[in-house]
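Residue-level structural notes
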Amino acid sequence: RPRLIHPEGVPERLSAAHAPVLEQVARTGEAVLIGDARHETRFPVADGTRSLVVQPLRYGRNTLGLLEMAHHRPRVYGTPQVRLIERFGRQLGLALQLESLLRPMTHSAREMEAQLRTLGERLAEVRESGQGVAVHAAEIRQRLEEQGGITAKGLEATETLAASADEMAADASGSAAASRDTR
């Protein structure tokens, strides 16, 4: 069922006064022209309106809304005005249909934009975290190199001590053999 939309300042009583005409146009999908509401028996209008055109806003077979043109003087809308209103109604119906198709796409695009913005923020956080990991890895590498240097020096000292111990053992063995021979 079409929803009535009026500009600001249009009293609600107009909607009630024109309701029978609006319902007829919405039901049949055909425009209604009332030249002088005082002499109209099909759709009595009791709000001071004398001339009235109600044009369906259609797209294909679907009625999307109604365009209501009312005037306080009789026979304001003739054939040229009605044709203009019909053309405008067709264009407005197309515009409404296109807008109804674009609205979900626009909403989806906004959602995607927000998701991409959030993803960009998360990527920046990951980048910062990755940079922190790289700094820590460099520190660990440096400490490992330092520890490797210390270990290499310790190994060198151990080899020197082992060589000295071998020499001492050889000297002790030589001394022991010499002291056995002298007995």
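Quick summary incoming for the structure in this document. (Residues numbered from 1 in each chain as written. Predicted model: local features only at pLDDT ≥ 70, side-chain atom pairs only at ≥ 80, totals over all residues. Heavy atoms only, no water.)

On to the overall build of the protein chain, then. Looking only at helices and strands, one finds two helices and three strands in the protein chain. Reading the secondary structure of the protein chain in the N-to-C direction produces α-β-β-β-α. Within the protein chain, contacts between residues separated by at least 24 positions form 46% of all contacts whose residues are at least 6 apart in sequence. Counting every atom, the protein chain has about 13900 Å² of accessible surface; 56% of that belongs to carbon and sulfur. (Helix = DSSP H or I, 4+ residues; strand = E, 2+ residues; numbered from the N terminus. Contact = heavy atoms within 4.5 Å. Areas by Shrake-Rupley, 256 points an atom, 1.4 Å probe, with all protein chains shown as cover.)

What follows covers the sheet that holds strand β1 (residues 32-34). A sheet is described by the order of its strands in space; here three strands give the open sequence β1-β2-β3, paired in antiparallel fashion. Two strands lie at the open edges of the sheet, namely β1 and β3 (62-71), each paired on one side alone. When the angles between neighbouring strand axes are averaged without regard to direction, this sheet yields 15°. The pairing of strand β2 (residues 51-59) with β3 spans nine bridges and is antiparallel. Looking at β3, one finds that L57 is bridged to G65. Of the strands in this sheet, β1, β2 and β3 touch helix α2 (residues 79-181), which is tilted by about 35° from β2. (Pairing = 2+ DSSP bridges. Axes fitted to C-alpha atoms, helices over the stretch in contact; angles between N-to-C directions.)

Time to look at the pattern of salt bridges. The full count for this structure, using the stated rule, is five salt bridges. Here D36 ties to R50 by a salt bridge, and the two come within 2.8 Å at their closest N and O atoms. Placement of the pair is D36 in the loop between β1 and β2 and R50 in the loop between β1 and β2, with a sequence separation of 14 residues. Between R122 and E125 there is a salt bridge whose closest N-O contact spans 3.6 Å. Highlighted residues: R122 and E125, both in helix α2, separated by three residues, approximately one helical turn. Residue R122 is classed as partly exposed on the basis of its relative accessible area of 43%. (Salt bridge = Lys/Arg side-chain N within 4 Å of Asp/Glu carboxyl O. Buried < 20%, exposed > 50% of the residue type's maximum accessible area, 1.4 Å probe, protein only.)

What follows is about the nonpolar core. Core analysis: the largest hydrophobic core is formed by eight residues, namely V21, L22, V25, V32, I34, A37, L52 and V54. Of all the secondary structure elements, the ones that give two or more residues to this core are α1 (12-28), β1 and β2. Per-element tally for this core: the top contributor is α1, with three residues. (Core = buried A, V, L, I, M, F, W, Y, C linked by side-chain atoms within 4.5 Å.)

Attention now moves to unusual backbone geometry. The phi dihedral of R75 is positive, around 50°, even though this residue is not glycine. Within the fold, R75 resides in the loop between β3 and α2.

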